[in-house]
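For reference, the chains in residue letters:
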Amino acid sequence: MAEMNILMVGGRRSGKTSALATIFRTMQDIQLAKYFTVVDRTSLVTKNQDGKTEMQDDLKSKSMEMTRFAEKTKLNTPILVDAGPTLFDWQYRLKLSVPGAPKKDLNMTFTDVPGEWCRTTDNHYNTFLQYAKEADVFVIAIDTPYLMGPTSATTKQLCGDQESELATLAGCMSDLKQTFTAIQDQNNKLVLFVAIKCEKWVNAGHIEDVIARIRQAFNVLLADLLSDAGRKIFTVGILPVQTIGTMEFAEFHDTKYLNSV
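Below or above, wherever it landed, is the structure these notes cover. (Residues numbered from 1 in each chain as written. Predicted model: local features only at pLDDT ≥ 70, side-chain atom pairs only at ≥ 80, totals over all residues. Heavy atoms only, no water.)

## Comments concerning the overall build of the chain
Helix and strand content of the chain: ten helices and nine strands. Sorting the 261 residues of the chain into buried and exposed places 38% on the buried side. Within the chain, contacts between residues separated by at least 24 positions form 77% of all contacts whose residues are at least 6 apart in sequence. For the chain, the exposed surface amounts to about 14,900 Å²; the carbon and sulfur share of it is 51%. (Helix = DSSP H or I, 4+ residues; strand = E, 2+ residues; numbered from the N terminus. Buried < 20%, exposed > 50% of the residue type's maximum accessible area, 1.4 Å probe, protein only. Contact = heavy atoms within 4.5 Å. Areas by Shrake-Rupley, 256 points an atom, 1.4 Å probe, with all protein chains shown as cover.)

## Points about unusual backbone geometry
If you check the backbone angles, Lys 197 has positive phi at about 60° while not being a glycine. When you line up the elements, Lys 197 lands in the loop between strand 8 (189-196) and helix 7 (199-203).

## Description of the pattern of salt bridges
In this structure the tally under the stated criterion is six salt bridges. Lys 47 is paired through a salt bridge with Asp 89; the nearest N and O atoms lie 3.1 Å apart. With a gap of 42 residues between them, Lys 47 in strand 3 (residues 46-49) and Asp 89 in the loop between helix 2 (59-74) and strand 5 (90-98) connect regions that are remote in the sequence. (Salt bridge = Lys/Arg side-chain N within 4 Å of Asp/Glu carboxyl O.)

## Quick look at the side chain of Asp 143
In this structure, Asp 143 sits in strand 7 (residues 137-143). When its relative accessible area of 14% is taken as the criterion, Asp 143 is described as buried. Looking at Asp 143, its side chain comes within polar contact range of the side chain of Lys 197, at 3.2 Å. (Polar contact = N/O pair within 3.5 Å; in protein donor to acceptor, adjacent residues only side chain to side chain.)

## Description of the pairing of strand 3
Of the pairings in the sheet, the one linking strand 3 to strand 4 (residues 52-55) comprises four bridges and is antiparallel in character. Paired with Asn 48 across the strands is Thr 53, a residue of strand 4. (Pairing = 2+ DSSP bridges.)

## As for the sheet that holds strand 8
Sheet architecture is open: seven strands sit in the order 2-5-6-1-7-8-9, paired in mixed fashion. Edge positions in the sheet fall to strand 2 (37-40) and strand 9 (234-238), since each has one partner strand and no second. If you compare each strand with its neighbour and ignore which way they point, the axes differ by 20° on average. Where strand 2 lies against strand 5, four bridges are found, and the strand directions are antiparallel. (Axes fitted to C-alpha atoms, helices over the stretch in contact; angles between N-to-C directions.)

## Describing the packing of aromatic side chains
As enumerated under the stated definition, the model contains five aromatic pairs in all. Here Phe 138 and Phe 180 contribute two aromatic rings whose centre-to-centre distance is 4.8 Å and whose plane-to-plane angle is 75°, an arrangement assigned as edge-to-face. Residue Phe 138 is found in strand 7, and its partner Phe 180 is found in helix 6 (residues 162-182); the two are separated by 42 residues along the sequence. In textbook terms, an aromatic cluster arises when at least three aromatic residues are bridged by ring pairs, as seen for Phe 138, Phe 180 and Phe 234. The ring of Trp 90 has Lys 47 lying over it, and the distance from NZ or CZ to the ring centre is 5.0 Å. (Phe/Tyr/Trp six-rings, centres within 6.5 Å; stacked < 30°, edge-to-face > 60°. Lys NZ or Arg CZ within 6 Å of the ring centre and 35° of its normal.)

## Focus on the environment of Lys 16
Mapped onto the secondary structure, Lys 16 falls in helix 1 (residues 16-27). A sequence separation of 96 residues divides Lys 16 from Asp 112, and the C-alpha atoms of the two residues are 7.3 Å apart. Ignoring sequence-local partners within four residues, the contact set of Lys 16 consists of Met 8, Val 9, Gly 10, Gly 11, Asp 112, Val 113, Gly 115, Ala 141 and Ile 196.

Next up, the structure:
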């Protein structure tokens, strides 16, 4: 049975786990069952550190959350994405089976880490580097609304830290470049730049603008991966995805509490 390790990289609250849940649900589509079946074999855990406790998200529950979001969009009800960061690293294990061909079964381990762990100055960087060395595939999740920036004068006023977000992104890309340099003696790896939450640009027919912006924002890292030396180790792809399909980004808002807890 083949094994594949996928490392998911991306900023805080970019939607890495939600994207994984959506991918899992799409792979369970009955129309795909004649080609393969997929089973979630994840053992959910709870982690504690420095007085902080966090439970691992269940992909099925996360997928149902996506369904509830989709239902809200039918009612034209806005959805506010919270800013609470994920604190720990989590692993999700999926098994893909091809009907009648057990030797082609594939165990896929998705490792989801907090966005800041890829920074070389972060206390968890050595853990991140070890995951990187073991990875066969990198999924760099890109928050498309932040990538594309404010879309009107109003949202520009509401998004004062957008430029700092992109500056942080640029810093992470510099650190990722260092990571990719450090693992060039490993096996060949696939690097996917995955723009998520891009429904607005898909529906407007502007997905090529998103791809062009990715090439611009990640130009240093892309140039390194696509160099003569990089091509021997890395295969690179840009893959925009619609996380829910029916929910479009509307605007940026300042962080605020809606209810006291």
